[in-house]
Amino acid sequence: MAIYLDTSNIDEIRKYTKMGIISGVTTNPTILHKEGASGGMKGLKEKMLEVARIVAPHPLSVEVTTNHREGMIAQAKEIAGWAKNIVIKITVHGPNGELDNMSVIHELETKHDIRINVTAMMSAQQCFLAALAGASYVSLLGGRVNNMGYNSIEEVKKLRYLLDRYQLKAKIILASTREILNVIEWLCAGADIVTVAPNFIEGMIVHPYTKETVQMFLADAAKAGH
Ligand code: E4P
């Protein structure tokens, strides 16, 4: 468990699953919209079922689309019922700081045995409280943290310390990846998982000097008549 793919693109998910590199997929309403989601809840179900099948037994995070208490619970139960490896994403609070989300997270994890990925978090303190509420995954949007002028690496280190000290089960996901450099930096700082858009993985693998080296090997093999 180290790298998740932050996309709903079936071809990309298949490609990197085949390489054995990814151990999960995350989505959110913005990603789904950008990647051409259609067909309402029925369309979402079809697409998520396909992704869940490809990545199984690894987890697929699917976000609820409402912030009303009863609506979040009903959607979480419905979506979690689509496949065994679906994890429900819920934002740490509502659009205006509503606090219902925390008790919803606690209830879903402890009473309904549904795995929750708490998202849209910008600090170690938010993630720590979500972990105390029982979340299985806490998503720190590291790129957004950096964009606001704060150091995401320091937040990861503090969070790692707190989860270990209080023996909380939550896995730390670093999201909002903006630079290839983020991936290794965040993992080394203590993140369990970094979720990335597919092009990041290609960028991590391909190196211009490696290209040149491979070209040299192939050219010399040809010269040697091998
Ligand atoms: C993943 O779980 C997050 O929802 C995602 O990485 C957010 O990315 P963004 O900050 O680029 O919207």
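Further up the page is the structure itself.
Residues numbered from 1 in each chain as written. Predicted model: local features only at pLDDT ≥ 70, side-chain atom pairs only at ≥ 80, totals over all residues. Heavy atoms only, no water.

**Student:** Account for the side chain of arginine 160, naming residues and giving values.
**Tutor:** Checked against the element boundaries, arginine 160 lands in helix α8 (residues 152-165). Each residue touching arginine 160, except ones within four places of it in the same chain, is listed here: Ile172, Ala189, Gly190 and Asp192. (Helix = DSSP H or I, 4+ residues; strand = E, 2+ residues; numbered from the N terminus. Contact = heavy atoms within 4.5 Å.)

**Student:** Summarise helix α6 (residues 124-132); cite the residues concerned and give the values.
**Tutor:** Within α6 the residues assigned to the buried category are Ala124, Gln126, Cys127, Phe128, Ala130 and Ala131. Residues of α6 that are buried in the fold lie against α5 (100-110), β5 (116-121), β6 (137-141) and α8. Looking one or two residues past α6, glycine 134 carries a phi angle of roughly 110 degrees, positive in sign. (Buried < 20%, exposed > 50% of the residue type's maximum accessible area, 1.4 Å probe, protein only.)

**Student:** Outline the site of the ligand, supporting the account with residue identities and numerical values.
**Tutor:** Around the ligand sit Asp6, Thr26, Asn28, Lys89, Arg144, Ala175, Ser176, Arg178 and Thr195, and those are all the residues in its vicinity. At a separation of 2.5 Å, an oxygen atom of the ligand approaches a polar side-chain atom of aspartate 6. For the ligand, an oxygen atom lies 2.6 Å from a polar atom in the side chain of arginine 144. In the complex, 85% of the free accessible area of the ligand, which totals 340 Å², lies under the protein chains. Within the shell around the ligand, the residues separate by chemical class into one nonpolar, four polar and four charged. (Near = heavy atom within 4 Å. Polar contact = N/O pair within 3.5 Å; in protein donor to acceptor, adjacent residues only side chain to side chain. Areas by Shrake-Rupley, 256 points an atom, 1.4 Å probe, with all protein chains shown as cover. Nonpolar A, V, L, I, M, F, W, Y, C, P; charged D, E, K, R; others polar.)

**Student:** Can you tell me about the sheet that holds β6, naming the residues and giving the values?
**Tutor:** Ordered in space as β1-β2-β3-β4-β5-β6-β7-β8, the eight strands form a closed barrel in which the pairing is parallel. One ladder, built from three bridges, connects strand β1 (residues 3-6) with strand β8 (residues 193-196); its direction is parallel. Bridge pairing links leucine 5 to valine 196 in β8. Against the sheet, helix α3 (residues 40-55) makes contact with β2 (25-26), β3 (60-63) and β4 (86-91), and its axis sits at roughly 160 degrees relative to β3, the strand it touches most. (Pairing = 2+ DSSP bridges. Axes fitted to C-alpha atoms, helices over the stretch in contact; angles between N-to-C directions.)

**Student:** An account of a nonpolar patch on the surface is requested, with residue identities and associated values reported.
**Tutor:** Together, Met19, Ile21, Ile180, Ile184, Met204, Ile205 and Val206 line one region of the surface with nonpolar side chains, adding up to about 570 Å² of accessible area. Listing elements by their share of the nonpolar patch, those giving two or more residues are α9 (180-189) and α10 (198-205). With respect to the element layout, isoleucine 180 can be found in helix α9. (Patch = residues over 30% accessible without salt bridge, like charges linked within 9 Å, V, L, I, M, F, W, Y side chains within 5 Å. Salt bridge = Lys/Arg side-chain N within 4 Å of Asp/Glu carboxyl O.)

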